[in-house]
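Inside the fold
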Amino acid sequence: MNKATIDPTNNVPRRWAGWWRRYQEIKLIGRDPILAMGLLLVGVFVFLFIAFPLLRVVWQGFFDLETGELSLEYFGRYIDPAFRTYSWNVLWDTLSMGIATAAGGTLIGFVFAYTMVRCSVPGHRFWHIFTLLPTISPPFAIAIATILLFGRAGLVTRQLLGIRFTQGMNDIYGIDGLVFVQIITFFPVAYLIIRAMLERLDPSIEEAALSLGASKLHIFRTVTLPLLIPGLAGSFLLLFVESLADLGNPLLLGGNRTVLSVEIFLAINGLFDQQKGAALSLVLLLPTLTVFLLQHYYVSRRSYVAVTGKPTGGQNFVKEPAIRWSFIAATAVILLLVIALYLSILVGSFTTLWGINYAPDFSHYGDALTRGMNAILSTTFLSAIATPIAGIAGMVIAFLVVRKVFAGKQALDFISNLGGAVPGTILGIGYIIAFVRAPLLVVTIIYALLAGYLVSKGAKQWRERLLLLGIGTAVSLALNWGIGQLNLHEDVWRFVVMGGFLLLTAVVWRTTPQPQRSLLTYTLLGMAALLLIYNLSPLVTRPLGVWGRSLGGGTLSKLISKLSSMITVFTQPTMAMLGFTYLAAGVFVAERLSPTVRYWVTLGILTLSAALVFHGEPLALIGTPYIVIAAYAVRSLPASVRAGVAALQQIDPAIEEASSSLGADAQYTFRKVTLPLILPAFIAGLIFAFARHMTSLSAIIFLTTAEWPILTVWILSEVEQGGMSTAAAYSVILIAIVLAAIGLTYLWLGRAFASQQNVDLTMGGG
């Protein structure tokens, strides 16, 4: 072979050099089980709950669900004379709504940001807090308030102005009213983005222009505004995506105009036509994905902005009274409107019948705390579980993206952000299509990845590893088949698997010297104990649920009944989830085993874990609370990743390198060095995640069940049935829960990091 075709650095052909480097990168990461397992688990998570559902939506849009044949029926409606006028009108209304919302929201966000940063507003902290109200309320809370104030029986339109709407009159329902509501709903997002950029602009640039004789207007037009273009463009693109993804506001205020998100919802919930919903999702995905890619491009180019950390020279405040008070007045007017809208929700929750009888009535809260107690508890509980999942996954992804080099890093970063970028309706449809039945191909792929890493620790040679993987998988399938033929009860089957883990525990205890013996023994005992808890927990949860229901259906009754279901979420996960967890835990056991038994104990762990993975209908999650938790975590994952990336980029890698040079492995360095430094960003990401979970609707509306109702879905249902006051009461309760969680977290965070002046506590509001 010609020497010119050989890469001298690794002595392999140049055409294979790229693949060889990727293999070496993966091999290097694989030497640290904690780091490798972290990469493997977050990779599995983003593939299973983001990439796979979206791919299923794409597939479903082109193929008939029943026959499996190629079908372009719903795409053809854009050229079919019988449908094209309506189809193009819906698409045009969708895009015009998105463009108008993005333009108006970005403009108002800029006005607010400029006022807060440059105009020296008295009491700016309170202005900031009230500005963020829309970010911690249900996405359609502003729509409810707008109907209460400006609807056909609104306080302002009918009671104060005496307007009586007749046929043909323009009212709040329609594209114009919808755009108004969405601007008020989403402008705080633009405010946070633009404010962050304004605060980080180096004031010396503007001071230099001023010293050269330029006017303030000229400096603003030629210096400040160009430096803000990435932030303005990013805000515009983000608000465009948020507007197109919104479902609640168009459902309430669309009137006789409709948009794609509503069409998708009606196709699934009204016509039960999954292919139509998937096809329309693809139509909606094209502009949102295009805009997301543009936004991603702009964010990656933000480095040319003069960002130098906290400016040493302070801010250049506007001193001209006319300009300063114009900005303050515009901000105050809009902020008063926001406060009035939220006050109308509060007052409406205490009103007998809005528009007819304004007498105080507290019964709506009684209805909400009795009839809706299950929804309140379910939403809070599932949101609380999803929050640390999103936070931890986000920090692990951020650490891998910023600090590590490996094949697929850009793909991991892109897909993790994609979960929050695509409209929630598309993600919800993807979950229905992907998880209504067992996705055996995906389960097999995930099993192969986890089992492959496990056998790499149990055997050194490739032949031994393949043999180990083949025997373990075959024996597990035979075990499941044999027990199925015997028609044994599920509990008996789990006791058989538990007995296998107890047998492995005994083997490890007798063959492993200290200090590893205790760790490995307790790990295997923990695996057996989880199966024992799975079998015995119904002895507690079922009587608890029966007792709760026997108390008469009051608040205490619902609390106790829901407590039974909450315990079950932890004690009775799906068998596939348990099996994947055991495969991951088995890696750490296999690595520390005595060489004399490593092969056989690894085979036992693999066999028993595979039996759990392939038992029944693995990962058929529709109807379970786990699919809601996954949807929550995916929607807030991008915020956690961005918070982690921003925090890690401010930490000198030399600190972590010093820890590694002293002998610490990756997990110890991350736990003892990196994590304490990024903990404020981690907590801020948790705050954002919890607020987003509590107020999420579009992805969750397809996944809610009678046992696990979601509060935002209940609010929407109340509005559709005319129960505006009850819907307002639910909204107030939801906002109170989110505010309480944020307040308690801020209180703890402020005490824990009082000495850290650079902790950004505004991120949680976003």
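Preceding block: the structure.
Let me sum up the structure you'll find in this document. It should be emphasised that the depicted structure is a prediction, and the values quoted were computed from it without experimental measurement.

A tally of regular secondary structure across the protein chain gives 31 helices and four strands. When each of the 766 residues of the protein chain is scored for burial, the buried share is 53%. By sequence separation, contacts in the protein chain at least 24 residues apart represent 79% of the contacts at least 6 residues apart. Carbon and sulfur atoms make up 67% of the accessible area of the protein chain, which totals about 34,600 Å².

The next point concerns the nonpolar core. If you look at the biggest cluster of nonpolar residues, it comprises 224 residues, and the most contacted ones within it are Phe49, Ile144, Tyr431, Phe435, Tyr447, Phe501 and Phe580. Those residues within four positions of Tyr447 in sequence are excluded, and the remaining contacts are Gly452, Leu469, Thr473, Phe580, Leu583, Leu606, Ala610, Val613 and Phe614.

On to the side chain of Ser383, then. Relative to the helices and strands, Ser383 is located in helix H16 (residues 373-403). By relative accessible area, Ser383 is classed as buried at 0%.

All told, the structure shown has nine salt bridges when counted by the stated rule. Among the salt bridges present, the one from Arg371 reaches Glu718, with a minimum N-O distance of 3.1 Å. In this pair, Arg371 is assigned in the loop between helix H15 (363-370) and H16 and Glu718 in helix H30 (residues 711-720), connecting sequence segments 347 residues apart. Exposure remark for Glu718: the relative accessible area of 8% places this residue in the buried category. The closest approach of N and O atoms between Glu591 and Arg592, which form a salt bridge, is 3.6 Å. For Glu591, a relative accessible area of 29% gives the class partly exposed. Residue classification places Arg592 among the partly exposed positions, given a relative accessible area of 32%. Overlapping salt bridges, with partners in common, bring together Lys457, Glu591 and Arg592 in one network.

Rules of the game
Residues numbered from 1 in each chain as written. Predicted model: local features only at pLDDT ≥ 70, side-chain atom pairs only at ≥ 80, totals over all residues. Heavy atoms only, no water. Helix = DSSP H or I, 4+ residues; strand = E, 2+ residues; numbered from the N terminus. Buried < 20%, exposed > 50% of the residue type's maximum accessible area, 1.4 Å probe, protein only. Contact = heavy atoms within 4.5 Å. Areas by Shrake-Rupley, 256 points an atom, 1.4 Å probe, with all protein chains shown as cover. Core = buried A, V, L, I, M, F, W, Y, C linked by side-chain atoms within 4.5 Å. Salt bridge = Lys/Arg side-chain N within 4 Å of Asp/Glu carboxyl O.

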